[in-house]
Amino acid sequence: APLKVTKILCIGAGYVGGPTCAVIALKCPHITVTIVDLNQARIDAWNSADFKLPIYEPGLEDVVRQCRGRNLFFSTDVEKGILDAELIFVSVNTPTKKSGVGAGFAADLNYVELATRQIAAVATSSKIVVEKSTVPCRTAESMRTILEANSKPNCRFDILSNPEFLAEGTAISDLFKPDRVLIGSLQTPEGKAACAALAGVYANWVPEHAILTVGLWSSELSKLAANAMLAQRISSVNALSAICEATGANIDEVANAVGYDSRVGPKFLKASVGFGGSCFQKDILNLVYLSESLHLPEVAAYWRQVVEMNEYQKRRFSKRVVDTLFNTITGKRIAVLGFAFKADTGDTRESAAITIIRDFQSERAFVNIYDPQVAETQIWADLAEASPTVAPESMKKQVKICSSALEACKDAEAVVIATEWKEFKEIDWAHVYKHMKKPAFVFDGRLLVDAAKLTEIGFKVTTIGRPA
Ligand code: NAD
Ligand code: UGA
């Protein structure tokens, strides 16, 4: 009979480790789940009495309220966590390397390796170690080598790959009802037994047919492949949006017509100001690096183009704003609605809004920013990182962070919708119009608002994928 897991540790209490393991705790009341992180502030927030959790995710607070203190615990005591656990998820960050070999492309595996080495150093009994972070192919192999080289007698480590497919903003519903759970293992009896043990955890709420078991490398590559193909859809539709703007076709109509083909399907075909988020770009660059390392330059070039198209889309959007505002935005006030990389999250990593605002700043425009979830300190940090040569004082002269959409739009010459927050659809646009400079422009980077209605109010509306 497969090992019945009763004690799980998750290393990394971020966007993936937190929601994923909280849902495991909810669905498996017989399993004790501990989530550890080195970041004290993050753990304190997970433990906060008023449930001010470190990440905003619809439905998450409810899950944590049900389990915290029952069979879900948050801590900074990594060692104790390792000692107690039978199964350990490694869910640490794997950002793109900023320097050294593969800088700008390869994944920085330092955090994964440190966590792995700590498991080896601390463990006094056998563990199943699960790679949850998104990693290049063969990382599991490296983890295994490190663990085996450093283990104590009578400790065996079985490595599994179990990539996460949740999307931010819908993490909890994705976790409740995943399209699939993917588990990769060595095809040895021990590997298969470890795989069965993890499958047994998910089987508490995921139907058996949705739990796919494959080899380690297939599992690792499938994660990169899934993100690459999802991002490729967006870049494809965004490439078409440029043709629409030039010809008079309407990208929503085109995407709808194409998506009606059941082989293509209707989802994930929304043209936008460009995809953001911590993973699409990172994972594609990772795939590019992998392809190059394997001497497959044509494959590398193919995937790189998905990222290049995304950069082009952001640039094209900024330029369209400048062109439409009579070729200059110097000294003009522009309201940017939304700063998160998508709606229903406070996450700003690689958000298209950051690039656009940087472009507006370099044209010496004034920018008002409003986002319902992103903390002010986060916005300042992101803008500073995007324009390292701009002094903080001049940044604060150029940029104002507002506490409502109406405040951001007041006295502006143009409104730019950068994130598809539902509340932007429901703003009193007539009121906004009254308080803006004229002519009042709206640039819809998310196909969010009713352009005809806004035009009726008096706005000059520019929409992605529609001609002027
Ligand atoms: P994150 O930065 O939000 O969280 C990672 C956490 O790990 C941080 O809080 C960090 O302090 C902690 N950490 C790093 N090293 C540690 C160590 N040695 N011991 C204890 N804690 C440590 O990152 P994330 O968004 O949760 O992503 C984690 C991984 O999951 C990445 O590989 C990412 O590619 C992948 N992923 C992310 C998403 C997503 O939507 N964000 C979805 C699927 C997969
Ligand atoms: C994405 C994938 O959807 C997840 O399956 C995956 O687990 C995750 O990456 C990851 O590995 O991190 P996420 O980045 O959280 O999830 O959010 P998405 O919904 O995929 O959106 C990514 C970006 O694409 C956002 O900026 C979004 O606005 C944009 N997008 C999405 C579009 O421009 N058009 C669309 O049709 C869909």
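I will try to describe carefully the structure that is included in this document. (Residues numbered from 1 in each chain as written. Chains lettered and ligands numbered in written order. Predicted model: local features only at pLDDT ≥ 70, side-chain atom pairs only at ≥ 80, totals over all residues. Heavy atoms only, no water.)

**Regarding the overall build of the chain**
Point 1. Of regular secondary structure, the chain possesses 19 helices and 14 strands.
Point 2. Taken against the 2.2 N^0.38 rule, which gives 23 Å for 468 residues, the C-alpha radius of gyration of the chain at 24 Å falls within 12% of a compact globule.
Point 3. For the C-alpha atoms alone, the extent of the chain along its principal axes is close to 75 × 50 × 45 Å.
Point 4. Among the 468 residues that make up the chain, the fraction classed as buried is 52%.
Point 5. Of the contacts formed within the chain by residues at least 6 apart in sequence, a portion of 76% connects residues at least 24 apart.
Point 6. For the chain, the exposed surface amounts to about 21000 Å²; the carbon and sulfur share of it is 55%.
Point 7. In the chain, which carries 52 positive and 53 negative side-chain charges, the distance between the mean positions of the two groups comes to 2 Å. (Helix = DSSP H or I, 4+ residues; strand = E, 2+ residues; numbered from the N terminus. Rg over C-alpha atoms; globule rule 2.2 N^0.38 Å. Buried < 20%, exposed > 50% of the residue type's maximum accessible area, 1.4 Å probe, protein only. Contact = heavy atoms within 4.5 Å. Areas by Shrake-Rupley, 256 points an atom, 1.4 Å probe, with all protein chains shown as cover. Lys, Arg positive; Asp, Glu negative; His and termini not counted. Charge placed at Lys NZ, Arg CZ, Asp CG, Glu CD.)

**A short note on the environment of Gly12**
Point 1. For Gly12, the location among the structural elements is in the loop between β1 (7–11) and α1 (17–27).
Point 2. Along the backbone, Gly12 and Ile43 are 31 residues apart, and their C-alpha atoms lie at a distance of 9.9 Å.

**Focus on helix α5 (residues 110–122)**
Point 1. The terminal C-alpha atoms of α5 lie 18 Å apart, and with 13 residues this matches the ideal 18 Å at 1.5 Å per residue to within 8%.
Point 2. Considered for burial, the residues of α5 that qualify are Val112, Ala115, Thr116, Ile119, Ala120 and Val122.
Point 3. Against the buried residues of α5 lie β1, α4 (78–84), β4 (87–90), β5 (127–131), α6 (139–150) and β6 (157–161). (Expected span 1.5 Å × (residues − 1).)

**As for the side chain of Lys223**
Point 1. Along the chain, the position of Lys223 falls in helix α9 (residues 216–247).
Point 2. Here Lys223 is buried and forms no salt bridge, its nearest opposite-charge partner Asp283 lying at an N-O distance of 5.1 Å.
Point 3. With near-sequence residues (within four places) excluded, Lys223 lies in contact with Thr134, Pro163, Glu164, Phe165 and Asp283. (Salt bridge = Lys/Arg side-chain N within 4 Å of Asp/Glu carboxyl O.)

**Let's talk about the pattern of salt bridges**
Point 1. Scanning the entire structure with this criterion turns up 24 salt bridges.
Point 2. A salt bridge links Arg117 to Glu113, with the shortest nitrogen-to-oxygen separation between them at 2.8 Å. Residue Arg117 and its partner Glu113 are located together in helix α5, separated by four residues, close to a single helical turn.
Point 3. With a relative accessible area of 32%, Glu113 lands in the partly exposed category.
Point 4. A salt bridge links Lys410 to Asp411, with the shortest nitrogen-to-oxygen separation between them at 3.4 Å.
Point 5. Exposure remark for Asp411: the relative accessible area of 40% places this residue in the partly exposed category.
Point 6. If you follow the salt bridges from partner to partner, you end up with Glu141, Arg144 and Glu148 in one network.

**Concerning the site of ligand 2**
Point 1. Around ligand 2 sit 20 residues, and of these Phe165, Leu166, Ser272, Cys279 and Arg446 come closest.
Point 2. Side-chain polar atom of Lys342 to an oxygen atom of ligand 2: 2.7 Å apart, as the coordinates give it.
Point 3. Isolated, ligand 2 exposes 700 Å² of accessible area, and the fraction of that covered by the protein chains is 90%. (Near = heavy atom within 4 Å. Polar contact = N/O pair within 3.5 Å; in protein donor to acceptor, adjacent residues only side chain to side chain.)

**Focus on the sheet that holds strand β8 (residues 211–215)**
Point 1. Spatially, β3-β2-β1-β4-β5-β6-β7-β8 is the arrangement adopted by the eight strands of the open sheet, whose pairing is mixed. In this open sheet, the two strands that pair with only one neighbour each are β3 (72–75) and β8. Here the average twist between neighbouring strands, direction ignored, is 25 degrees.
Point 2. By the bridge criterion, four bridges tie β4 to β5 in an arrangement that is parallel. Looking across to β5, one finds that Phe89 is bridged to Val130. (Pairing = 2+ DSSP bridges. Axes fitted to C-alpha atoms, helices over the stretch in contact; angles between N-to-C directions.)

**A short note on the packing of aromatic side chains**
Point 1. Using the criterion set out here, one finds ten aromatic pairs in the structure.
Point 2. Judged by centre distance (4.9 Å) and plane angle (5 degrees), the rings of Trp46 and Phe74 are stacked. Highlighted residues: Trp46 in helix α2 (residues 40–46) and Phe74 in strand β3, separated in sequence by 28 residues. Just as Trp46 is buried, Phe74 falls in that class too.
Point 3. Ring plane angle 50 degrees and centroid distance 5.6 Å describe the contact between Tyr202 and Trp205, whose orientation is recorded as tilted.
Point 4. By relative accessible area, which is 4% here, Tyr202 ends up buried.
Point 5. Aromatic ring contacts, followed pair by pair, group Phe268, Phe275 and Phe280 into a single cluster.
Point 6. Positioned above the aromatic ring of Phe51 is the side chain of Arg68, whose terminal nitrogen or guanidinium carbon lies 4.0 Å from the ring centre. (Phe/Tyr/Trp six-rings, centres within 6.5 Å; stacked < 30°, edge-to-face > 60°. Lys NZ or Arg CZ within 6 Å of the ring centre and 35° of its normal.)

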